[in-house]
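Here are the chains, one letter per residue:
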Amino acid sequence: SSGINAEYGMNQCFSQGLTTLYTAFHISLLDAFSREDMTFFKVLENIGFLVQFQSLLSTHSAELAMLEDHWITINSLSNCKIVLTSEELGEFELSGLAHRVTLSIGVGQDIWRILPAGLKNQKPVPVSTVLFTKGVNEQQMLSERVGTNNMEHTINIDGLCKLEVYYMMYKEYVTQNNIPGDVEKLDALITPICKHARAHVFKDVKLLSMVDEAVRLMGGARVTSCKSAKDRTAMSVTYESVSVLSREHCLVASGFSNALSALRSHGVRPLNCKKNTGSGKYAFNGFQLKILPKEYRPPMGSYGGKIT
């Protein structure tokens with residue numbers, strides 16, 4: 001009975017993970033097409049699709065079990081492959097065995113016309129999945145103090161190894177084929193990423209930010225979640241969004257905090273809270289606010305919701 005329940009639970013997790021993989025790929029595909037980014041398609045053809053998951057779960061109590069399920073599911077997704085077809089954009093088909101699925105995705109005629117020959121010949125695109133996790137709340141502080149935080153370090157070292165493997169393949173491919181790629185920026189990021197991942201520092205969200213940037217530079221997809229994907233997740237994705245504005249769209253340093261506060265107070269994240277709980281405020285209290293990293297603290301007046 002326990003074996004059946006475990007298999008049922010794993011199937012549930014995998015189906016949700018597969019949906020996330022499809023969504024991440026679809027968005028990445030449209031983004032690359034809109035920017036006429038042929039490097040993205042050449043990397044798909046010759047290396048594969050990189051999708052990096054960021055977790056803000058703690059390693060305490062029920063969240064530890066969630067994190068374990070999350071990690072197993074993400075690792076299972078690396079057994080999947082993607083095949084592109086000329087069917088209507090968004091059309092898809094699943095084939096293969098459980099947890100070893102081939103996802104056939106229609107790209108429409110406009111995208112089909114610009115695809116490299118290998119993708120048109122339905123060469124399977126391997127999927128590389130990477131997970132990094134950092135607990136940032138009071139439950140993680142408790143886990144650190146009682147010594148139950150080893151899972152976080154284990155996951156991050158595993159994520160580091162997988163990221164390094166993909167980075168080496170990417171660097172070799174773009175360098176040998178004279179394809180545009182920010183190799184110098186990547187080189188400058190990988191060393192500190194290794195240092196931070198191995199150091200295993202409490203609430204080290206700098207690690208997450210550097211990994212975010214490295215994955216974006218390689219044309220990978222990004223997925224962020226916590227327990228409910230509305231409070232801690234909101235703090236992370238707004239920080240990432242403003243970081244992108246700063247790096248890529250000339251947001252001046254003096255405007256960083258104001259842009260961050262604006263996104264957290266008036267952007268889509270408070271609406272997400274309202275749709276989920278009926279309250280447009282983040283579910284942080286004064287004590288929790290003090291525990292959060294300074295980068296993840298919401299502005300005054302935007303928190304105080306009761307439902308987590």
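Quick note: structure is the one above.
Within the protein one finds 13 helices and six strands. The globule rule puts the C-alpha radius of gyration for 308 residues at 19 Å, and the 20 Å found for the protein is close to it. Each principal axis of the C-alpha distribution contributes one length, and for the protein these read about 60 × 55 × 40 Å.

A few words now on unusual backbone geometry. The residue Ser61 is not glycine, and still its phi comes out positive at about 55°. Mapped onto the elements, Ser61 comes out in helix α3 (residues 61–77). Given the relative accessible area of 56%, Ser61 is considered exposed. With a phi close to 50°, Asn178 is a non-glycine residue in the positive phi region.

Within the secondary structure layout, Ala32 lies in helix α1 (residues 2–34). Overall, Ala32 belongs to the buried group, its relative accessible area being 0%.

Core analysis: the biggest nonpolar cluster contains 45 residues, and Phe132, Leu163, Tyr170, Ile193, Met218 and Tyr296 have the highest contact counts within it. Aside from chain neighbours lying at most four places away, what touches Tyr170 is Thr39, Val43, Ile47, Pro180, Gly181, Asp182, Leu186, Leu217 and Met218. Counting 37 residues, the second largest nonpolar core, distinct from the first, contains Tyr22, Ala32, Ile74 and Ile82.

On to the pattern of salt bridges, then. Oppositely charged side chains may form a pair once their charged atoms are brought near each other. Applying the stated criterion to the full structure yields 13 salt bridges. Salt-bridge contacts for Asp187 lead to Lys171; the nearest nitrogen and oxygen are separated by 3.2 Å. Taken together, the positions of Asp187 in helix α8 (residues 183–199) and Lys171 in helix α7 (residues 150–176) put the pair 16 residues apart, joining distant regions of the chain. The network of salt bridges with common partners includes Asp212, Arg216, Arg222 and Glu240.

Its place among the elements puts Ser225 in strand β6 (residues 221–225). With relative accessibility at 16%, the residue Ser225 sits in the buried group. Excluding residues that lie within four positions of it along the chain, Ser225 makes contacts with Gln54, Ser55, Leu56, His70 and Thr233.

Moving on, we get to the sheet that holds strand β4 (residues 100–106). Within a sheet, neighbouring strands are paired by backbone hydrogen bonds and run either parallel or antiparallel to one another. The sheet built from six strands is open, its strands ordered β3-β4-β2-β5-β1-β6 with mixed pairing. Only two strands of the sheet have a single neighbouring strand rather than two, namely β3 (92–97) and β6. Each strand of the sheet is rotated relative to its neighbour by a mean of 25°, with strand direction disregarded. Two strands pair when backbone bridges link them, and strand β2 (residues 81–85) and β4 are joined in this way by five bridges, in the parallel orientation. Bridging across to β4, Ile82 finds its partner in Leu103. Contacts between helix α9 (residues 205–217) and the sheet are confined to β1 (49–55), β5 (125–133) and β6, with β1 contributing the most and set at about 165° to the helix.

Of all the nine residues making up β5, seven are buried; the element is thus mostly covered by neighbouring parts of the structure. Sheet analysis places β1 next to β5, joined by seven bridges and oriented parallel. Looking across to β5, one finds that Ser55 is bridged to Thr133. For β2 and β5, the ladder comprises two bridges, and the chain directions are antiparallel. Its bridge partner being in β5, Ile82 is matched across the sheet by Val125.

What follows covers the packing of α9 against helix α10 (residues 232–248). Put simply, α9 and α10 touch, their axes get as near as 11 Å, and they point 55° apart. Here α9 is positioned oblique relative to α10, judged by the angle of their axes. The element α9 and its partner α10 pack so that their crossing is right-handed. Within the contact between the two elements, α9 uses Ser209, Asp212, Glu213 and Arg216 and α10 uses Tyr239, Glu240, Val244 and Arg247.

Interaxial distance between helix α2 (residues 38–46) and α7 falls to 11 Å at its minimum, and their mutual angle equals 115°. In this structure, α2 meets α7 at a crossing whose hand is right-handed. Contact with α2, carried on its side by Thr39, Lys42, Val43 and Asn46, involves Tyr166, Tyr170 and Tyr173 of α7 and no other residues of that element. Residues of the contact of α2 with α7, tallied by class, amount to four nonpolar, two polar and one charged.

All right, on to the packing of aromatic side chains then. For the coordinates displayed, the defined rule picks out six aromatic pairs. Ring geometry for Tyr239 and Phe256: centres 5.6 Å apart, planes at 65°, overall edge-to-face. Here Phe256 lies in helix α11 (residues 256–266) and Tyr239 lies in helix α10, a separation of 17 residues in the sequence. For Tyr239, a relative accessible area of 19% puts it in the buried group. By way of ring pairs, the aromatic residues Tyr239, Phe256 and Tyr296 are connected into one cluster.

The rules behind these values
Residues numbered from 1 in each chain as written. Predicted model: local features only at pLDDT ≥ 70, side-chain atom pairs only at ≥ 80, totals over all residues. Heavy atoms only, no water. Helix = DSSP H or I, 4+ residues; strand = E, 2+ residues; numbered from the N terminus. Rg over C-alpha atoms; globule rule 2.2 N^0.38 Å. Buried < 20%, exposed > 50% of the residue type's maximum accessible area, 1.4 Å probe, protein only. Core = buried A, V, L, I, M, F, W, Y, C linked by side-chain atoms within 4.5 Å. Contact = heavy atoms within 4.5 Å. Salt bridge = Lys/Arg side-chain N within 4 Å of Asp/Glu carboxyl O. Pairing = 2+ DSSP bridges. Axes fitted to C-alpha atoms, helices over the stretch in contact; angles between N-to-C directions. Parallel < 35°, antiparallel > 145°, perpendicular 65-115°, else oblique. Left-handed = near helix turned anticlockwise from the far one by under 90°. Nonpolar A, V, L, I, M, F, W, Y, C, P; charged D, E, K, R; others polar. Phe/Tyr/Trp six-rings, centres within 6.5 Å; stacked < 30°, edge-to-face > 60°.

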